[in-house]
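Spelled out, the chains give:
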Amino acid sequence: MVQDKICVHPWSHLNINPNGDVWPCCHQRGKNIYVLGNMHEKTIEEIYNAEPMRKLRTQMMQGILPEDVCGKCIEYEKLNMYSPRMEANRQVYAPEVMQQISNTNANGSVKDYKIRYWDLRWSNKCNMACIMCDPDWSSLWTQQIKTNLENFTDDTIQSETILRRFKAKAKQKVLHVPNNGWIDQHIEHVEFIYFAGGEPLIMDEHWYILDKLHKLKKHSVRLKYNTNMSKLEHFGKNAIDYWKHWQPGKLSVEGSIDETGTRAEYIRYGTNWQQVENNIKTLVEAGIKTQANASIGCYNVMRLPELLEELWELYKPKKPNSNVKINLNPVLNGWCRCEVLPDEWKQNVKQKLIKLQNSNTIPITRMEKILYELDRPHKPESVDWLFKQISFLDLNKHTTLLKAIPEMSKLNDMYGGLYEKYKNEWIKKSVDKRNSGVDSNLCSSIHN
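Computed from a predicted model, the values in this text were never measured in an experiment.

Moving on to the overall build of the chain. If you tally the helices and strands in the chain, you get 22 helices and 14 strands. Radius of gyration (C-alpha) of the chain: 23 Å, near the 22 Å computed for a compact globule of 448 residues. Taken along the three principal axes of its C-alpha coordinates, the chain extends 70 × 50 × 50 Å. Relative to its 448 residues, the chain shows a buried fraction of 56%. Long-range pairs, those at least 24 residues apart, make up 75% of the contacts in the chain between residues at least 6 apart in sequence. On the chain, roughly 20000 Å² of surface is accessible, and the fraction owed to carbon and sulfur atoms is 47%. Distance between charge centres in the chain, computed from 61 positive and 54 negative side chains, equals 2 Å.

Here it is in C-alpha cells:
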C-alpha cells in the first residue's frame, strides 16, 4: 500500500446528494462525476461494496489517485496547498481506518466497516437562488428557471443552448433522498457530520439527526455546517438550544457569505441581509464557533480586500485563539470564474490581496488558490457567456447585475453593452410567443 496516495474516505465516508447519487466525496470536479450508486435504487450497504467503490479502493492501494475523483486534491497538492485529502487523513478516526485498510479484500471490498463521516445533502430544498448555483442544489433556482421559461415556446427553448440546459435541469422542483432507516442503523459509529444542501436548517432530516444525537448524548460528534445563515429556527426548534450542548471544538457553523448588504442580496438571491447579519451576531455573542465560507468569482473578487475586512469585523470572535478563519473558495463555473475580468483588473486586486495577506491581520484560508485564479488569462468568450446567462436569469428579478455590482456595469460598457443586447434578445423572443405583449416585469426590464 502506497500511503501517500491513500485517502481514508473510501473506507470511512459517503457523500449523499439531493438526487440520491452517492459520491466518494464532495470535492470532485469536471464533467464526468464518479458516482458510486443511487439511494433510490440501492441501499447504502449495497453501494458501499459495489464495483465503483471497490475500484476506487484498489486504485489507491496501488498508488493511484484517480484524476476523475481526486483532481482537486491533486491540483492543491501540486500547489503545495493543504488539500481535502490531507484534512481527511488527519481526522481523529483516520489512524484506525488506516489500520483497517490492510484488511481490504483483493477485489476492493471490505467486510467490517464503519461509516465515520457523513456528508449529507438530503435535498435541494433552499430559500435562496445563488448566482453560482443551479437547480441541482436549489429548489428556488428551479422555481425561477421554470417561471422564466414559461415566457418561451418549446421551439425557442430547443434552439437556445442555455434554455435547453436549464429546462433539462429544472424538471423537478424539490429533490429528496430516501432515508430507509439508514440514519438509525449507522448513527452509533458516526464521528463527523457535514450538513449542506440546499439549505440544511430548513430540512427535516437535519433536525431529526440533531435531535437523535442530543437524546443519545453524542455531543462529541463533530458537526460542520454549510448554511446561508438565513434561519436558526425551524418549526419551533432553535439550533442554539442544541448546539450549546456540543463539546468545545466539535461544532463549526460556516456561513456561505460572499458579500454584504445589497450585493449579498443579489449574489445570493433571496437573502435578507439584515436577518443574516443578525443571525451571525447572535452566534458570535453565544460563543458558538462560526466563520465565513466565501465563494469568490468575477462578481465579488474586485471588492475582496474590503470584503475580507468587513467579514472579519462581523465574525471576529470575542475570545482570542478561537481558530476562526475566513475560508475562500474559488468559483470554477466558466461564466462566474475570475477569468471573466480583464487582466489589469485582476492584477490590481491581486497586489492588494498580497498586501493584506502579508499583514497577517485577518486569518484566511486558501488565499493561494484565489491568487492562482487571478493569474488565469482573461477570456472574452466567458464575458459573452456571463452576460447572456445572467441577462436571462435577471428577467423576473426586481434588480439587475449591473445595478447590484457596479464593476460588472463597467465590464459591460467595455464590451459594448452585451448585457442589454442579450436581455433585449430574450425579451423579443418572449414577445414573439405572446404577440400581444409580455409580462410586466419583462417589459420594465427593457428600460433597466
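Across all of its chains, the model carries four cavities of 30 Å³ or more by this definition. In this structure, the largest cavity spans a volume of roughly 130 Å³. Within the residue set of the lining of the largest cavity, elements represented by two or more residues are helix H1 (9-12), helix H3 (51-61), helix H4 (67-78) and helix H5 (84-88). The greatest single-element share of the lining of the largest cavity, amounting to four residues, is contributed by H4. Looking at the lining of the largest cavity residue by residue, the classes come out as ten nonpolar, two polar and two charged.

To continue, consider the state of the cysteines. Counted by the stated rule, this structure contains zero disulfides. In this model Cys25 remains outside any disulfide bridge; the closest cysteine sulfur is found in Cys26, 5.7 Å from its own. Cys298 takes part in no disulfide bond, and the closest cysteine sulfur, belonging to Cys336, lies 5.5 Å away. We classify Cys298 as buried; its relative accessible area is 2%.

Before going further, it helps to examine the packing of helix H16 (residues 343-359) against helix H17 (residues 367-374). Contact pair H16 / H17: the axes reach a minimum separation of 9 Å and the direction vectors enclose 160°. One element, H16, and the other, H17, form an angle in the roughly antiparallel class. The two elements H16 and H17 cross, and the hand of that crossing is left-handed. Every residue of H17 that contacts H16 at Lys346, Gln347, Val349, Lys350, Leu353, Ile354 and Gln357 is listed here: Met367, Glu368, Ile370, Leu371 and Leu374. In the contact of H16 with H17, the residues fall into seven nonpolar, two polar and three charged.

Cut-off values and rules
Residues numbered from 1 in each chain as written. Predicted model: local features only at pLDDT ≥ 70, side-chain atom pairs only at ≥ 80, totals over all residues. Heavy atoms only, no water. Helix = DSSP H or I, 4+ residues; strand = E, 2+ residues; numbered from the N terminus. Rg over C-alpha atoms; globule rule 2.2 N^0.38 Å. Buried < 20%, exposed > 50% of the residue type's maximum accessible area, 1.4 Å probe, protein only. Contact = heavy atoms within 4.5 Å. Areas by Shrake-Rupley, 256 points an atom, 1.4 Å probe, with all protein chains shown as cover. Lys, Arg positive; Asp, Glu negative; His and termini not counted. Charge placed at Lys NZ, Arg CZ, Asp CG, Glu CD. 1 Å grid on protein atoms, 1.4 Å probe; cavity = no way out; pocket = protein on both sides within 12 Å on 5 of 7 lines; lining within 4 Å. Points joined across faces, edges and corners; volume = space filled by probe spheres on them. Nonpolar A, V, L, I, M, F, W, Y, C, P; charged D, E, K, R; others polar. Disulfide = S-S within 2.5 Å. Axes fitted to C-alpha atoms, helices over the stretch in contact; angles between N-to-C directions. Parallel < 35°, antiparallel > 145°, perpendicular 65-115°, else oblique. Left-handed = near helix turned anticlockwise from the far one by under 90°.

Read these as geometric descriptors, not functional statements.
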